[in-house]
Amino acid sequence: MKTHFTKKKINRRASEVNDTGFGTQTPRQRSLNSDGTFNLIRTGLPFFRLDDIYTNLITMKWRKFIPLVLAFYISINILFACIYYGIGVEHLGGVKSNTPVDKFFDAFFFSAQTISTVGYGHISPEGFITSLVAAFESLMGVIVFAVITGLLYGRFSAPKAKILYSDNAIIAPYKDGRALMFRIANKKKNQLIEVEMEMVIGMNVSENDVIIRRFFGLKLEAKKVSFFPLSWTLVHHINEESPIYNFTQKDLEEADAEIMTLFKGFDDTYSQTVHSRKSYMFDEILWGKKFVSIIGQNDEGRTTLALDQINYFQDAELPMQISLKESQAL
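Computed from a predicted model, the values in this text were never measured in an experiment.

Thresholds applied
- Residues numbered from 1 in each chain as written.
- Predicted model: local features only at pLDDT ≥ 70, side-chain atom pairs only at ≥ 80, totals over all residues.
- Heavy atoms only, no water.
- Helix = DSSP H or I, 4+ residues; strand = E, 2+ residues; numbered from the N terminus.
- Buried < 20%, exposed > 50% of the residue type's maximum accessible area, 1.4 Å probe, protein only.
- Contact = heavy atoms within 4.5 Å.
- Areas by Shrake-Rupley, 256 points an atom, 1.4 Å probe, with all protein chains shown as cover.
- Core = buried A, V, L, I, M, F, W, Y, C linked by side-chain atoms within 4.5 Å.
- Axes fitted to C-alpha atoms, helices over the stretch in contact; angles between N-to-C directions.
- Parallel < 35°, antiparallel > 145°, perpendicular 65-115°, else oblique.
- Nonpolar A, V, L, I, M, F, W, Y, C, P; charged D, E, K, R; others polar.

(A) Geometry of the overall build of the protein chain. Within the protein chain, the regular secondary structure consists of six helices and 16 strands. Relative to its full complement of 330 residues, the protein chain shows a buried share of 38%. Counting contacts in the protein chain only where the partners sit at least 6 residues apart, residues at least 24 apart contribute 71% of the total. A total accessible area of about 20000 Å² is found for the protein chain, and carbon and sulfur atoms account for 56% of it.

Below, the structure is given as C-alpha cells:
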C-alpha cells in the first residue's frame, strides 16, 4: 500500500503556485507529456470539427501529414476515375485500352492530369457530361492545391522552438549542498535572445485525509540569459527555501512529483517569441550524478558544442543534509 505524502514534509518557506492552470485534482499520470504537450483528453465535443482542421493539419507530425496528403490525392483521383468509368470510357477520346482494368487506369491518369491541369492531350473529354465533370475537377484541383500550398507554407513559416532537453534531470552536488539540474541547448541554427526559463514542481499531498495536487515554484540560480549560443544547465539550489529541501528519492516517489518547465525566448529570425515545455517525472530524476561538459574546441580553436552528448553525466557523491525539523528549528 502506497504511503500518503503529507504537506508537513514540504518546507514551510516554499512558495506555493496557485495559477498553473492544472487545478488541484489528483492526476493519475503526468500533467505534461515528455514532448511538452498537455496530457489531456477533451470530451463532449463532436468528432468532426471544422474549426480544428487547420490546427490539426498545421501541428501534426510530417510523418502523418505527408501520407495524409498522398492518401487524399489518390482518393480524389479514384473517385473521379469511377465517375468517368461510370459515364463510359468511350467518352474519353484517345483511350485505346481493351480490358476493364486498363480502361479504369486510363480514367485514373486522365483524372490526375485534369486535377493538376497538366493536360498532356493524349486523352480528352468528349460529350457534354464528361466535359462538365472535367471542368468541375479542374476547379476542385485549383482549390485543393491552393489549400495544400497554404498548409505547406504555414508549416514551414511558423516559428518553432527546437529546444533539446536532457532526457533526465539530476540531483547533483552544488556549492555546499545539492541542486536539481537539467540541461538544454538550441537544436536549430537560428538565433535566440532574451531567453527565460521557469520551473514548477507538482506534488500530491495529503491534507485532512484528502489527496490534493499542489504546485510550488522552484527558484533557479539564473532564470534568464541574454544570448543562447551554447548549452544551458538550469540549476535549482536545494537550500532552506526550496520546497524539496531534505527530500529523498522515496519522498518524490510518494508525492508523484513532476517537474514542469517552461522555456520562452525571442527568435531573431522570425522576430517572434517562441515557447517550449518539458516534464520530468520522479522516476526520470537521477540522484548522485553530474553533467559532463559538452563544450570544447576544435583544431582551429573554434568553440564546439556536442549536442549528441547532452545526456552525458557521471557519478557524483551527494553531501549530507540536516533534517527538515532541524532546519526549521534554526
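Let's pick the thread back up.
(B) Representation of the environment of Asp167 in the model. Along the chain, Asp167 turns up in the loop between strand 3 (163-165) and strand 4 (169-174). A sequence separation of 113 residues divides Asp167 from Tyr280, and the C-alpha atoms of the two residues are 8.5 Å apart.

(C) Main features of the nonpolar core. Counting 38 residues, the largest nonpolar core has Leu180, Ile184 and Phe263 as its most contacted members. Elements represented by at least two residues in this core include exactly strand 3, strand 4, strand 5 (177-186), strand 6 (192-207), strand 9 (232-238), strand 10 (258-267), strand 11 (272-281) and strand 12 (285-287). Here this core gets seven residues from one element, more than from any other, and that element is strand 6. Beyond its immediate sequence surroundings of up to four residues, Phe263 is in contact with Ala161, Ile163, Tyr165, Ile184, Leu192, Val195, Glu196, Met197, Phe228, Val274, His275 and Ser276. Membership of the second largest hydrophobic core comes to 12 residues, among which are Tyr84, Leu92, Phe110 and Ile115.

(D) How the structure looks around the packing of helix 3 (residues 100-115) against helix 4 (residues 128-157). For the pair helix 3 and helix 4, interaxial distance at closest approach is 8 Å and the crossing angle is 55°. The orientation of helix 3 with respect to helix 4, classified from their angle, is oblique. Contacts from Phe110, Ser111, Thr114 and Ile115 in helix 3 reach Ala134, Glu137, Ser138, Gly141 and Phe145 in helix 4. Broken down by class, the residue content of the contact of helix 3 with helix 4 amounts to four nonpolar, four polar and one charged.

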